Amino acid sequence: GVSAWAGELSVTGSFVTGNSALYSGGGVDVEHGVVTISDSTIDSNAASYGGGIATDEVSLTLKRVTVSGNASQVGGGLYVAGDVGRDAIVVNGVH
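Residues numbered from 1 in each chain as written. Predicted model: local features only at pLDDT ≥ 70, side-chain atom pairs only at ≥ 80, totals over all residues. Heavy atoms only, no water.

**As for the environment of Tyr-79**
Now for step 1: Following the sequence through the fold, Tyr-79 ends up in strand β8 (residues 78–81).
Now for step 2: Through-space distance from the C-alpha of Tyr-79 to that of Gly-51 is 8.0 Å; in sequence the pair is 28 residues apart.
Now for step 3: When neighbours within four sequence positions are excluded, Tyr-79 is seen to be in contact with Tyr-49, Gly-50, Ile-53, Ala-54, Thr-55 and Val-74. (Helix = DSSP H or I, 4+ residues; strand = E, 2+ residues; numbered from the N terminus. Contact = heavy atoms within 4.5 Å.)

**Some words on unusual backbone geometry**
Now for step 1: A positive phi angle, near 60°, is found at Ser-44, a position not held by glycine.
Now for step 2: The topology assignment puts Ser-44 in the loop between β5 (41–43) and β6 (53–63).
Now for step 3: The residue Glu-57 is not glycine, and still its phi comes out positive at about 60°.
Now for step 4: Looking at Glu-57, the relative accessible area reads 26%, which means it is partly exposed. (Buried < 20%, exposed > 50% of the residue type's maximum accessible area, 1.4 Å probe, protein only.)

The following block contains the structure:
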């Protein structure tokens, strides 16, 4: 999977599949920053929080992203936490 701490992360034209994490973000886990994921698929990942994508204190934009088949106790496809999390934007996505 993808993990990042503070800063800017851009993922384009990618398949993030079959990953797992004990705590958060089996496919993508980002804390503190700005994240843009475009033209990608987040599929068949697992974690306790946010099986597909987990963010905390992140401004998140998803453009033409398919998030499917992910497993989690909380937020199977997407888990957004923190003050900046309210800025999550999804454009032409499939969940």
